Amino acid sequence: MNQPDYEFLRKLLRDKSGLDLSADKQYLIESRLLPLARKAGLASISDLVQKLKDGSSALISQVVEAMTTNETFFFRDKVPFDHFRDVIMPELLKARANRKSIRIWCAACSTGQEPYSLAMSLKEMSAALAGWRVEIVATDLSQEVLEKSKAGLYSQFEVQRGLPIQLLVKYFKQAGELWQINSDVRGMVQHRQLNLLHDFSQLGTFDIVFCRNVLIYFDQETKINIFGRLAKLMEPDGFLVLGAAETVVGLTDVFKPLADRRGLYRPSGVVSTAKAPLPGAPRVAAAGN
Ligand SMILES: C[S@@+](CC[C@H](N)C(=O)[O-])C[C@H]1O[C@@H](n2cnc3c(N)ncnc32)[C@H](O)[C@@H]1O
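About the criteria used
- Residues numbered from 1 in each chain as written.
- Predicted model: local features only at pLDDT ≥ 70, side-chain atom pairs only at ≥ 80, totals over all residues.
- Heavy atoms only, no water.
- Salt bridge = Lys/Arg side-chain N within 4 Å of Asp/Glu carboxyl O.
- Pairing = 2+ DSSP bridges.
- Helix = DSSP H or I, 4+ residues; strand = E, 2+ residues; numbered from the N terminus.
- Axes fitted to C-alpha atoms, helices over the stretch in contact; angles between N-to-C directions.
- Near = heavy atom within 4 Å.
- Polar contact = N/O pair within 3.5 Å; in protein donor to acceptor, adjacent residues only side chain to side chain.
- Areas by Shrake-Rupley, 256 points an atom, 1.4 Å probe, with all protein chains shown as cover.
- 1 Å grid on protein atoms, 1.4 Å probe; cavity = no way out; pocket = protein on both sides within 12 Å on 5 of 7 lines; lining within 4 Å.
- Sits in = over half its atoms within 2 Å of the grid points.
- Nonpolar A, V, L, I, M, F, W, Y, C, P; charged D, E, K, R; others polar.
- Buried < 20%, exposed > 50% of the residue type's maximum accessible area, 1.4 Å probe, protein only.
- Right-handed = clockwise from strand over helix to strand, strands pointing away.
- Domains from an automatic or database assignment.
- Contact = heavy atoms within 4.5 Å.
- Buried area = accessible area lost by both parts, 1.4 Å probe.
- Points joined across faces, edges and corners; volume = space filled by probe spheres on them.
- Phe/Tyr/Trp six-rings, centres within 6.5 Å; stacked < 30°, edge-to-face > 60°.

Counted under the stated rule, the structure contains 22 salt bridges. Across the pair arginine 85 and aspartate 86 runs a salt bridge, and its minimum N-O distance is 2.8 Å. In this structure, a network of salt bridges that share partners links the residues Arg96, Arg99, Asp207, Glu235 and Asp237.

This is the structure in structure tokens:
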């Protein structure tokens, strides 16, 4: 692939999904986009770039989706789900005792293992939650992963990754060679397509946000902007859960880490001036977190 084509794709991916590729990821682009180019009847990455320059929006979405990393599994990293059960929910059960409602956002849900891990955790606490309304909103940029999440169908391999056998038996049914999560657990999760680069204030206010293993792909400026906007839609006593390799420390003071609870953050009360970049517009400047 020639350098101008690589730079074109790098910029396109940064603008459309936030993906921040270093200068030496040509092999990654080739391995993910050549099959897509061939499927579209194009012989090379150069032909694909030409077609993208002609402005085919369907092809742009396919390129963006092909470059996303959708790796996920049930109860990934375990600790955040222990925190959910032992720290977050007990505290919110007290704090929301009058209103009896909790809203959770899973902000890059991939194929659903993360929101369904939360839904099963809630099912396991159903005695304490009798009479409560708990909403889980699961969003992702990729329509393809959302369709899989909605279907709640997983292979033997996928249910063997992180899911305790008792929960498999309790909450899944076999569907041919696959396993399907029961409809009552599926019904606890609402799915929506959403790009974190765009405005998400319309989702409403959340008590808990799981935003894990997605910001890691973005540059600092984009992370700061997203943290600023996340803080604005969270309850002041809400909880933000990040992935094991992600942190706000050194980037922004709109969230503060919880001592001794790795990956867990709360809004600090510092207000951000961050705004969503408009689709396709030049990205927001670093200042104003
Ligand atoms: C590695 S998966 C993480 C899934 C899950 N949160 C976990 O930790 O297991 C990253 C997900 O982020 C999504 N993603 C990438 N860029 C995004 C963006 N700009 N807005 C929303 N989702 C995005 C991808 O489609 C992918 O499903």
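Back to the text.
With respect to topology, 7 strands assemble into an open sheet ordered β6-β2-β1-β7-β8-β10-β9, the strand pairing being mixed. If you trace the sheet from one side to the other, it starts and ends with β6 (189–193) and β9 (255–257), each paired once. Between one strand and the next, the sheet's axes are offset by a mean angle of 25°, whatever the strand orientation. The pairing of strand β7 (residues 206–211) with strand β8 (residues 234–242) spans 5 bridges and is classified as parallel.

Our next topic: the site of the ligand. Of all residues adjacent to the ligand, which total 20 residues, the nearest are Ser17, Thr72, Ala108, Asp140 and Asn213. Aspartate 140 is positioned such that a nitrogen or oxygen atom in its side chain is 2.6 Å from an oxygen atom of the ligand. With respect to the ligand, the side chain of asparagine 213 contributes an N or O atom lying 2.7 Å from an oxygen atom. Calculation on the ligand without its partners gives an accessible area of 600 Å², and the protein chains cover 98% of this total. Its atoms largely coinciding with the cavity grid, the ligand occupies the largest cavity. The residue inventory of the shell around the ligand, partitioned by class, reads 6 nonpolar, 9 polar and 5 charged.

Let us look at the pairing of β8. Within a regular beta strand, the side chains point alternately toward one face of the sheet and then the other, so they alternate between its two faces. Counting buried positions along β8 yields 7 of 9 residues, so the element is predominantly enclosed. Considered for its hand, the β-α-β crossover made up of β7, helix α11 (residues 220–232) and β8 is right-handed. By the bridge criterion, 2 bridges tie β8 to strand β10 (residues 264–267) in an arrangement that is antiparallel. Bridge pairing in β10 places valine 241 opposite leucine 264.

Structurally, the protein chain comprises domain 1 (3–67) and domain 2 (79–267). The centre of domain 1, based on its C-alpha atoms, is set 30 Å off from the matching centre of domain 2. Tallying the contact residues gives 9 residues for domain 1 and 10 residues for domain 2. Carbon and sulfur atoms supply 49% of the area that domain 1 and domain 2 bury against each other, a total of about 710 Å² over both sides. Of all residues in domain 1, Ser17, Gly18 and Glu65 give up the largest surface area on contact with domain 2, accounting jointly for 53% of the area buried on that side. There are 1 salt bridge connecting domain 1 and domain 2. If you list the elements that add at least two residues to the side of domain 1 that touches domain 2, you get α1 (3–17) and α4 (57–67). Broken down by element, the side of domain 1 that touches domain 2 gets its largest block of residues, 4 residues, from α1.

As a further point, take the side chain of glutamate 235. Relative to the assigned elements, glutamate 235 resides in strand β8. Among the polar contacts made by the side chain of glutamate 235, one reaches the side chain of arginine 99 at a distance of 3.3 Å. Not counting the four nearest positions on each side in its chain, glutamate 235 is found in contact with Arg96, Arg99, Thr205, Phe206, Asp207 and Pro267.

Our focus in this paragraph is empty space enclosed by the protein. Empty space left among the atoms is revealed by rolling a probe the size of a water molecule over them. If you walk through the whole model with that rule in mind, you get 2 cavities of 30 Å³ or more. Volume-wise, the largest cavity comes out at about 420 Å³. Thr69, Ala108, Asp140, Asn213 and Val214 are the residues nearest the centre of the largest cavity, which is lined by 27 residues in total. The residue makeup of the lining of the largest cavity, split by class, is 13 nonpolar, 9 polar and 5 charged. Mapped onto the domain boundaries, the lining of the largest cavity takes at least three residues apiece from domain 1 (3–67) and domain 2 (79–267).

Another point: the packing of aromatic side chains. Counted by the stated rule, this structure contains 9 aromatic pairs. Look at tryptophan 105 and phenylalanine 200: their rings are 5.1 Å apart centre to centre, the planes differ by 65°, and that puts the pair in the edge-to-face class. Of the two residues, tryptophan 105 is situated in strand β1 (residues 101–106) and phenylalanine 200 in the loop between β6 and β7; the sequence distance between them amounts to 95 residues. Where tyrosine 154 meets phenylalanine 172, the ring centres are 6.5 Å apart and the plane angle is 65°; that geometry is what we call edge-to-face.

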